[in-house]
Structures are given as structure tokens and as C-alpha cells.
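This is what each chain is made of:
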Amino acid sequence: MTYTFDPLVPRPIDRPTDVPAGGPLTPEQSVALDEAKIFVGPADPADRPAWRERLAAWRSDARERHGYTGVAYDRPEAAWAAECRTVAQVWLWDELLYSFEERRFTPERFLADAAERFAGLDAVVLWHAYPVIGIDDRNQWDFYRDVPGITGLVSAFHAAGMRVFVDYNPWDTGTRRGEDDLTELAALVRDLGADGVFLDTLKKAEPELVARLEAARPGIVLEGESKLPVERIEDHSSSWAQFFADSPVPGVLRAHWYERRHMQHHVRRWHRDHSEELQSAWLNGVGAMVWEVVFGVWVGWSARDAATVRRMVRVQREAGELLLRGAWTPLAELAPQAEAAGVYASRWEADGVTLWTLVNRGDEDYAGPVLADGDERVVVPARGIAALVRTDADAGRPGATGPAWAARLRAVVDGLDSADGDPHHPDARFPHRVARRLRPAAPAGIGPGAGAGPGTDAVVLPAGPYVLTVRHRARETGMYQGAPYVDEWKPLPPRLHDARTLQRDGELAAPVAVAPREVTNAQFAAFVDATGYAPAEPHRFLAHWSDGRPVPGTEDEPVTFVDLDDARAYCAWRDGRLPTEDEWQLAGGEPGFGRGAPAVWEWTESEHSDGRTRYVMIKGGSDYRADGSDWYVEGGRHAPDYAVKLLLPGLGLARGATVGFRCAWDLPDALGLVDTTEVTR
């Protein structure tokens, strides 16, 4: 396939904006700078004083043109946002945050990991609906409100000193409707006690939404995705610096330069090297978005990049006042040999304390003098960061005058090279994870009981090798292994959501019989009656039944509101199991294989985990379709060769109105009964 863009190269809109050279900015030039993501840093040190003057002139002019007041940043309840520098985007069912075995959230495990690798986090975005929304008619609010224990999870993060963002999906217009979005979101924020709202796919919220949220929870912080219009810095305390490419000589973030209290979070979600965005964050006094599980795909951070975050935030937390209110000199003057080695710095000054935040764009450690007017020698790691502090009149030393924070800042900076053993962490390798097929445990207390095997109408698959072509849509979830986009800036159509195929080959060690139809409500009721089956997690179990029985007239419809374990238990009672995704596809192309009405997706024995994400392949398609957005799980009926990777939520949320199942049986051969679960990868 031919693409009209190179996904590994920043698009024109991602690139930094040149600041016109020469005298004062014209009105047209000033307006053009309003659209910047990052202002280009000049290569020649001699040009930098005038460059800084022009940036200051632009800021003054832009504030006057847009009537800037800064009132949103004066709200006491929202003051935390200005120093919220590390935020994690976390799938609600990330196995670091949720235990499928214990059926509970595990914030203590998540917090311990964050403390060890990132020196703790300031906030978390609890990502909830995408990419599973659209599998049935549940809307984005249901995927928060129907989660048992979610208020306790929010409280646990608050108790740990962290702030919590919820996610708003404005594109969710095709699922079931309740109140209007403004009413629903305001109520959710109030009920969960959320501190902020991430505006998925939006750069900004409209003024009415801002007002409604502020009324629901005073001090609410709104954080948009990508570049925030300069006029809306007025009422949005934060924004992502997503897909922001820096200049070779580091530049200045436009929104943070405009309002120092506006916090930005650098993020390149698909990148395996985060050094450039972390350096930009360090020089600009802003933060980073740590995102290691992107919609079910592992994109973990290297030891080097995690160490850089640790070094960065320890200094930033002690230097908060200095970074927010001190005099900021981007691209401060350095010793010529430091600049020649690719070392750059910002200088921050207040109350007799001066901090230099240093970066090394080179691939070799720099050890030497860094300042043009001094002989202090600093080691700046290759592609890493460092810091240097000076105080006037011994400010911050015991018994001397100066701000109390100065002594703490000096101690942190002095300790950077001794923290965590090897502070440079040269290991920049990507920490791969492999998604492994899980072998299910035998359902407790359930054994053969129906006296019915496959029956004579089953579709029988002969033993032997097979090769399959599987069709799927290129979603951000990927499929079996690896990320669908690596080191890409912003996946765009046709790479995003395009039709793709993959080949799967395996071997059936023995014949397999696959049921010709899905299990019906009546059949599942017989199973419950015979065994007294009750799932360990009852939430949403058979939610479409009435008083524990199928609704009259639906007895012959495929049973739904069952999860993998429910389906496994039924199949075990029938002396069978679930078919693998390959067996389902092989059988689906044979005569006798049928679909019930209404058509539903079907569970297969394909549960996988990489230790952070659980997923399963579902087959068949359903009559339900959520229209209006490509972000939904695709609906409609599909041919047997089509598959969807469905991330598994916990606490019963995997049960829904459009997913059922059928059984399969291993048939005896000369060697006896054979389990094919492991050989049909």
C-alpha cells in the first residue's frame, strides 16, 4: 500500500514555528505565532537575546489582543495543576491496577511501581470505554458508572496524594442515549470526585461545558489533546504537548511561555525513545505523560527514560516556586565547549537562587564546564538531563538568609548523581513483553452432566495442519503481538482503521467437533438448574433475564450476558470446551455451521495476557452496530475469517448483550482424547 505521508516523520503541523528575525514583530507576525506548538530555538547564540525579546513582545501583544486575565489560574482549588508534572494514562483494567484472579482493583501495586520507576506520579487518567465501547449499546457513562468499586479506587488515589482525571469521548453519539453530554459529564465528575477531565480528541472544551463542569466541581481542570488555541489558555489549565516536534536547538513551548501556570504534558505515545520530549519538558519546566499501555498495546518505557523522569521530577518538585514565578531565560548562555557538545540550558532565577536545567542532545556524556562565567563542572548524560544550582550570599544554607526551599533544592540537585545507583541508566532498550495464551483452569464444581457430547450435527474438523488468513481492522489495539505503530507520530488513515490480514498456521492433533449453533437461553437455563451455577463475580450475569429465567419468547435466542468463565463452565458441563479462534474459523467455513438470531459475537478460547493487558479474539459479528464513529468496535455480521481483538474488562463488565458462545469437543483418536488448546496458536 502506498501512503501519502511518512508516518515516521513529523507532519508540517507538528513542526516547530520559526520566530521572525529582525526588529519588532508586525501584527501579522504576532498573530501567526499564536498558532505555534513550539517556537524554534535559534542555532546561533548571538541571535538568542533578540529572539527572547521577540518572544516576550509576542506574549504581551497576544495577552492584550485576547483580553487575558488569568482568572482560571487564581482558583485555589485548581492551583495543583500548575505543578502536576507527571500524569499516567491508565486503562482501567491494566493488570498492574486490577487483579483478575482476586477480582479487585490493586492501586497499591500500581503506586508501588510508579514510586520505584518514576519517583511517583502526580495524577492519573482512568481510561475506561475506548476501545471496547460499541460492542453493545452501553455508552461512555455506563463504562464508569457500572464499575463496582470505582469510587473507592478514586479515593485510594486521593489518599496517596494523586489527582484523578476522567475521560470524555465527544464522539460517542451512537450508543444508548441518556441525558445530554454536559449533564452526564458534570454529574460523573461530581459523583466520582474527579479533579480533571481529559478531552479525548478535542483541543478544547466549549465555554458552556467549561461553565457546567466548574459549577459541578469548582476548580475542575480541563486538559485537551494536542495544541490548545491561545485564546483558550484563559480557561484550560493544562494541555497535552502531543505530537510536538522540537527544533535541533531546543525551542520554547508556546502555551507555557504565554502562561507559566499552564501545565503541559509531553507525550509521544508510540515512541520507544522519549529522550527528546523529556528534554523539552525539562527545559520548559513542564511535565510528561507516562503511557505504557496504549489501548491494550504494550509500549513500555526504557530504564533510561524512566530514570530521566525520576531525575526531572525530584528537582521540579523542590523548584516549584522558582519554575512558576522566577525569571526564565530559555537557551541561556553556556560555555562554548558545552554548546559545541550539544548541551543547552534554561536559567531560572528568584530570591537569590539560580537554577540551570541542562540537556545533552549528543550521544556521548559531557563532563566539563557548563557556564560561561564559572568553572563548575557538570556531567550531563548522553541524551539525558542535569541541573546546576547557585545561590547568592549563601542563600539556602543552614543559618543563612534565603528561601526555605533553596536548601532542599540544593540537596536534591547535589544528590542526582548518587540516586538510584547508576543515575545515567544507559539501558535504552525497549522492554518487550510477550502476550501468552492462557490455559484456563477447570471450572470449579462443574463436571460432565448433560450426557450430551457434540451430537451428530456437529461440524467435524479433521486432524492435521492448517493455514488461515484472518481479516481484521487496524485498530490501536493491534492484534496478537507488538504495537501496530512504532515510533510513529500520529497514525492516520489509511494506516489507522484500514483493512488488514494476517496468516495463522497450526495443527489439530486430533479431530475437533464444533457445535452447529450457539448455546441458547433455554440450554443455559437447564445448565443453571442442573448445577446451581453461580459465578464468583455475579455483576451483570444474565442481566437480560427476568427473575432468574429467560424472558418468554427468547428461549431459542443465543444466550448473552455471560463471560468467558461462564461459557467455560457450561461447556465443561457438556463435556466440552470453547473452540479456539482458529477452530471457530475452520468450522465457520463448513456446511452445517449456523448462526442464531439475533446474531451475536462469540467467545473463543483465546484468552491472552502480557502481564498488563488481558484480551480475547471474538468471532462472527452481531446484528448490533454503533454508528457515527470509527472509534467504536465494528458491528454487523462478519464472515468466519474476520476477528476482533477485544480487551477484557473485569468485575463483570465483559458480560454484554451482544456476545454469546458455542461449544467444541476433542474427539478421540488412536491416542485418546486430545486437548488442542496449546497447539492451535
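Just above sits the structure.
Residues numbered from 1 in each chain as written. Predicted model: local features only at pLDDT ≥ 70, side-chain atom pairs only at ≥ 80, totals over all residues. Heavy atoms only, no water.

(A) Quick look at the overall build of the chain. The helix and strand inventory of the chain stands at 16 helices and 33 strands. For a compact globule of 681 residues, the expected C-alpha radius of gyration is about 26 Å, and the chain comes in at 29 Å, within 12% of that figure. If you line up the chain on its principal axes, its C-alpha atoms span 90 × 55 × 50 Å. A total of 681 residues make up the chain; the buried ones form 60% of that total. Look at the contacts in the chain between residues 6 or more apart in sequence, and 75% of them connect residues 24 or more apart. (Helix = DSSP H or I, 4+ residues; strand = E, 2+ residues; numbered from the N terminus. Rg over C-alpha atoms; globule rule 2.2 N^0.38 Å. Buried < 20%, exposed > 50% of the residue type's maximum accessible area, 1.4 Å probe, protein only. Contact = heavy atoms within 4.5 Å.)

(B) Up close: the nonpolar core. Counting 182 residues, the largest nonpolar core has Trp93, Val197, Leu355, Phe524, Trp603 and Phe661 as the members making the most contacts within it. Counting residues per element, this core draws most heavily on helix α15 (residues 564–573), which supplies seven residues. Ala332, Ala345, Val380 and Leu388 belong to the second largest nonpolar core, which has 15 residues in total. (Core = buried A, V, L, I, M, F, W, Y, C linked by side-chain atoms within 4.5 Å.)

(C) How the structure looks around the sheet that holds strand β11 (residues 263–267). Around the barrel, eight strands lie side by side as β2-β5-β6-β7-β8-β9-β11-β12; this closed barrel has parallel pairing. The average angle at which neighbouring strand axes cross in this sheet is 25 degrees, direction not considered. When β11 meets strand β12 (residues 287–290), the two strands line up parallel, connected through two bridges. Bridged to His265 within β12 is Gly287. Lying over the sheet, helix α5 (residues 150–159) contacts β5 (123–127) and β6 (163–168), oriented at roughly 165 degrees with respect to β5. (Pairing = 2+ DSSP bridges. Axes fitted to C-alpha atoms, helices over the stretch in contact; angles between N-to-C directions.)

(D) A look at the pattern of salt bridges. The final tally for this structure, using the stated rule, is 64 salt bridges. Asp74 is paired through a salt bridge with Arg261; the nearest N and O atoms lie 2.9 Å apart. With Asp74 in the loop between α2 (48–65) and β2 (86–91) and Arg261 in the loop between α8 (254–258) and β11, the pair connects residues that are 187 residues apart, well separated along the chain. Residue Arg261 is classed as partly exposed on the basis of its relative accessible area, which comes to 21%. For Glu581, the salt bridge goes to Arg437, with nearest N and O atoms at 3.0 Å. In this pair, Glu581 sits in helix α16 (residues 581–588) while Arg437 sits in strand β21 (residues 436–437), placing the two residues 144 residues apart along the sequence. Here Glu581 matches Arg437 in class, with each residue buried. Within the structure, one salt-bridge network assembled from shared partners comprises Glu95, Glu101, Asp565, Arg568, Glu605, Glu607 and Arg614. (Salt bridge = Lys/Arg side-chain N within 4 Å of Asp/Glu carboxyl O.)

(E) Molecular detail of helix α14 (residues 521–531). Along α14, the residues classified as buried are Asn521, Phe524, Ala525, Phe527 and Val528. Each buried residue of α14 sits inside an arc of 155 degrees when the element is viewed along its axis, so together they form one side. For α14, exposure combined with an orientation more than 90 degrees from the buried face picks out Asp529 and Ala530. The inward-facing, buried residues of α14 abut α15. Gly532 sits one or two residues past α14 and shows a positive phi near 70 degrees. (Arc of directions from axis to C-beta.)

(F) Inspection of the packing of helix α9 (residues 275–284) against helix α10 (residues 303–318) at higher detail. Two elements in contact, α9 and α10, have axes whose closest approach is 10 Å; the angle formed by their N-to-C orientations is 5 degrees. With respect to α10, the axis of α9 lies roughly parallel. Side by side, α9 and α10 meet where Ser275, Leu278, Ala281 and Trp282 of the first sit next to Arg304, Asp305, Thr308, Val309, Met312, Val315 and Gln316 of the second. Considered class by class, the residues forming the contact of α9 with α10 number six nonpolar, three polar and two charged. (Parallel < 35°, antiparallel > 145°, perpendicular 65-115°, else oblique. Nonpolar A, V, L, I, M, F, W, Y, C, P; charged D, E, K, R; others polar.)

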